[in-house]
Amino acid sequence: MPRIRPRRLRGTPAMRTLVREVEVRGSQLVLPMFVGERSATISSMPGVRRHDLDSLRRAADSAVAAGVGGLMLFGVPDDADKDDAGAQGLAPDGILQRGLRALRDEVGDSTVIMADTCLDEFTSHGHCGLLLPDGSVDNDATVTSYVEMAIAQAEAGAHVVSPSGMMDGQVAAIRQGLDEAGHDGVAILAYAAKYASSFYGPFREAVTSSLQGDRKSYQQDPANRREGLREAVLDLAEGADMVMVKPAGYYLDVLADVAAVSDVPVAAYQVSGEYSMIEAAAERGWIDRNRAVEESVTAIVRAGADIVLTYWAEELAGWLK
Ligand code: PBG
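Fair warning: this is a prediction, and the values are worked out from it, not measured in the lab. Along every chain, residues carry numbers that run from 1 in the direction the sequence is written. Given that the model is predicted, a residue must reach a pLDDT of at least 70 before its local features are reported, and side-chain atom pairs must reach 80 or more before they are shown or counted; all residues, however, enter totals for whole chains, interfaces and linings.

A. View of the UniProt feature "binding site: 5-aminolevulinate 1" (unreviewed entry) in the protein. UniProt positions are given in the numbering used here, feature names are shortened, and annotations may be inferred rather than shown by experiment. On the UniProt side, "binding site: 5-aminolevulinate 1" (unreviewed entry) is annotated at positions that read Arg 204 and Arg 215 here. In DSSP terms, a helix is any run of H or I states spanning at least four residues, a strand is any run of E spanning at least two, and both are numbered starting from the N terminus. Relative to the helices and strands, Arg 204 is located in helix H6 (residues 201–206). A pair of residues counts as a contact when their C-beta atoms, built from backbone coordinates, are within 7 Å of each other. For Arg 204, the residues in contact, after removing those within four places along its chain, are Ser 209 and Leu 211.

B. Layout of the nonpolar core. Only buried Ala, Val, Leu, Ile, Met, Phe, Trp, Tyr and Cys residues enter a nonpolar core, and they are joined through C-beta atoms within 7 Å. Put plainly, a residue is buried at 20 or more neighbouring C-beta atoms within 10 Å of its own, exposed at 12 or fewer, and partly exposed in between, counting only other residues' C-beta atoms, which are placed from the backbone. Judged by nonpolar contacts, the single largest core of 95 residues is most densely connected at Leu 71, Leu 73 and Met 244. Take this core: its biggest share by element is eight residues, from helix H4 (residues 139–155). Counting residues in each nonpolar core, the second largest holds five residues, with Cys 118, Leu 119, Cys 128 and Val 137 among its members.

C. Highlighting the pairing of strand E6 (residues 160–163). Residues Val 160 and Ser 162 line one face of E6 and the alternating positions Val 161 and Pro 163 line the opposite face, and both faces are buried. Where strand E5 (residues 112–117) and E6 come together, four bridges link them in parallel fashion. Directly across from Asp 116, in E6, lies its bridge partner Ser 162. Taken together, the two bridges between E6 and strand E7 (residues 187–194) define a ladder with parallel strand orientation. Directly across from Val 160, in E7, lies its bridge partner Ala 187. Once you follow E6 into helix H5 (residues 170–180) and on to E7, the crossover reads as right-handed. Two strands qualify as a pair provided DSSP detects at least 2 bridges between them. If you view a crossover with the strands going away from you and the path from the first strand over the helix to the second runs clockwise, you call it right-handed.

D. Main features of the environment of Val 160. Along the chain, Val 160 falls in strand E6. In this structure the C-alpha to C-alpha distance between Val 160 and Ala 63, which are 97 residues apart in sequence, comes to 18 Å. Here Val 160 is in contact with Val 112, Met 114, Val 186, Ala 187 and Leu 189, once residues within four sequence places are set aside.

See the structure below:
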């Protein structure tokens with residue numbers, strides 16, 4: 001007969017609550033949101049919408065009321081407004097900047113407004129940067145565009161800019177550019193370890209991306225764990241205020257590695273595919289949706305995330321109140 005019985009600590013709900021190691025808080029959840037010229041549903045992401053400026057304001061109010069900690073905004077220009085350079089991503093009146101202004105006007109400082117700082121939604125070829133004649137992404141020219149984009153976002157009211165293009169040196173350059181433009185109070189959430197993942201599939205529908213080729217020359221190889229840590233350490237040295245691992249659920253080892261060394265808050269992005277898989281399985285009655293939602297986010301927090309970006313942020317924050 002065993003003398004040591006771990007089951008003693010699982011016997012009643014009260015005992016389980018007493019010994020619980022982590023608990024998800026609504027205030028640590030960030031809701032990714034899409035803004036376009038008109039509102040639309042996203043067939044591969046049931047329950048998620050692309051907003052126009054008016055519905056964006058209403059949705060932001062509702063998320064803030066539910067208790068989320070922040071909003072991450074992505075801009076979705078009309079196809080006619082996309083070009084090789086992604087110019088609308090930098091324009092003061094581009095859709096993302098108009099969305100940021102609407103958000104800041106609507107919710108002020110009552111939540112943290114974050115902007116995706118990347119060109120892929122705005123380029124006709126769908127890559128995260130400017131292309132060289134041979135079709136590869138030009139790192140340093142792209143970083144120059146990101147700096148301008150980050151300044152436009154800060155001017156439109158973003159509290160946080162979030163470079164997600166995985167260009168070398170992007171964090172240091174954006175920090176310097178923001179500071180020189182007088183935005184030393186705007187924080188940088190660096191997508192430090194971002195993998196070339198199949199789980200971004202539904203997002204590409206959400207932002208009507210027309211990606212030609214793949215992103216493997218700038219996003220990381222899913223096989224590489226050590227490299228994720230290297231990227232995070234570099235971003236910390238470049239001045240990142242927060243670092244992010246993405247996707248989340250399949251990269252918990254990378255997340256735990258980063259959390260172990262980071263001296264700034266660590267975020268993880270539960271991406272579109274992670275969302276859609278659970279929604280699709282639940283729709284078929286194959287899993288218990290609400291339990292799977294909470295479990296998936298709890299696992300990300302357990303692995304070391306201080307902040308979780310999730311399309312369930314509002315709903316989950318509501319449950320956790
Ligand atoms: C790039 C970006 C992407 C996502 C967030 N930022 C797409 C990509 O890198 O291909 C994906 C998010 C998701 O799948 O939910 N701007």
